[in-house]
Structures are given as C-alpha cells and as structure tokens.
Amino acid sequence: MIVAGNEYDRSMPPLFPPVAPARPAIVWTSVRDLEAARAGVLAGSLPEAERARFARYQHAPSAHEFLAGRVLTRRWLYTLTGVAPGDWVLTEGPRGRPE
C-alpha cells in the first residue's frame, strides 16, 4: 500500500504482492541470545566462504550478528525475487560488508 499522510491510498496496488511464508517465521529479539546449535544450523545454509568467515569469529555475539545479517539478507532477497538464498553471490566491500 502507498501511504499518503496518515491514510492508505487504496487506489494504487501494493508495490510488492503479499508472499505467503513457506514455513513459520523466525523472529529474534536479540541475536546475542542465539543458541549455538541453532547458529550452526543457520550457518549451514550459507555458502562456504561465509561459513568460513563465521567460523573465524572468536566472540560469539559478533559471530551471531554476522550470521543474522547474512541469513536475513539472503532470505529477504529470496522473498523479493524468488531466487534461492544460496544462489545469491554477495560481494564484500573493503570493510567486509555486502555491496
């Protein structure tokens, strides 16, 4: 829906059609509380280079933040485009962030 002021403009279709989730959504209140077992499962969904980077983190909360960023980015791209999360090639800039 396009929002005009405080009201929805129903004359225009939504920018993206609603997509029904394929499985229940995962909602984190804090990635720092992510259990190691769950983190390992999520890391398994990443490409090899990203799994290796995740494994190099010495500080678990930082590793979990990296993991959440990559998993959520890939799932968001999948939701928008229908291209599988593992098919995306994310290039990293000089600070290691996806571009």
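Residues numbered from 1 in each chain as written. Predicted model: local features only at pLDDT ≥ 70, side-chain atom pairs only at ≥ 80, totals over all residues. Heavy atoms only, no water.

J.: Give a detailed account of the confidence of the model for the chain, specifying residues and quantitative values.
T.: Summary statistics for the chain give a mean pLDDT of 75 and a share of 67% for residues scoring 70 or more. Across residues 1-9, confidence stays below pLDDT 50; counting only partners more than four residues off in sequence or on other chains, it has eight contacts. (pLDDT = per-residue confidence, 0-100. Contact = heavy atoms within 4.5 Å.)

J.: Before we move on, could you go through the environment of L42 and cite the residues and values that matter?
T.: With respect to the helices and strands, the residue L42 is situated in helix 1 (residues 36-43). Overall, L42 belongs to the buried group, its relative accessible area being 3%. Along the chain, L42 and A68 lie 26 residues apart, while their C-alpha atoms are 8.6 Å from each other. (Helix = DSSP H or I, 4+ residues; strand = E, 2+ residues; numbered from the N terminus. Buried < 20%, exposed > 50% of the residue type's maximum accessible area, 1.4 Å probe, protein only.)

J.: Tell me about the pattern of salt bridges, residues and numbers included.
T.: In the structure shown here, the tally under the stated rule is five salt bridges. R51 is paired through a salt bridge with E48; the nearest N and O atoms lie 2.6 Å apart. Here R51 pairs with E48, and both are found in helix 2 (residues 48-56), just three residues apart, close to one helical turn. In this structure, E92 engages R53 in a salt bridge whose closest nitrogen and oxygen atoms are separated by 3.0 Å. Placement of the pair is E92 in the segment after helix 3 (60-81) and R53 in helix 2, with a sequence separation of 39 residues. Its relative accessible area of 17% is what places R53 among the buried residues. Each of E50, R53, R70, R74 and E92 takes part in a single network of salt bridges with overlapping partners. (Salt bridge = Lys/Arg side-chain N within 4 Å of Asp/Glu carboxyl O.)

J.: So, the nonpolar core: which residues are in play, and what are the values?
T.: One finds L34, A39, L42, A43, L46, F54, A63, F66, L67 and V71 forming the largest nonpolar core, which totals ten residues. Those elements that provide at least two residues to this core are helix 1 and helix 3. Among the elements that take part in this core, helix 3 stands out by supplying four residues, more than any other. (Core = buried A, V, L, I, M, F, W, Y, C linked by side-chain atoms within 4.5 Å.)

J.: With reference to specific residues and values, describe the packing of aromatic side chains.
T.: Enumeration according to the criterion identifies one aromatic pair in this entry. Here Y57 and F66 contribute two aromatic rings whose centre-to-centre distance is 5.5 Å and whose plane-to-plane angle is 35°, an arrangement assigned as tilted. (Phe/Tyr/Trp six-rings, centres within 6.5 Å; stacked < 30°, edge-to-face > 60°.)

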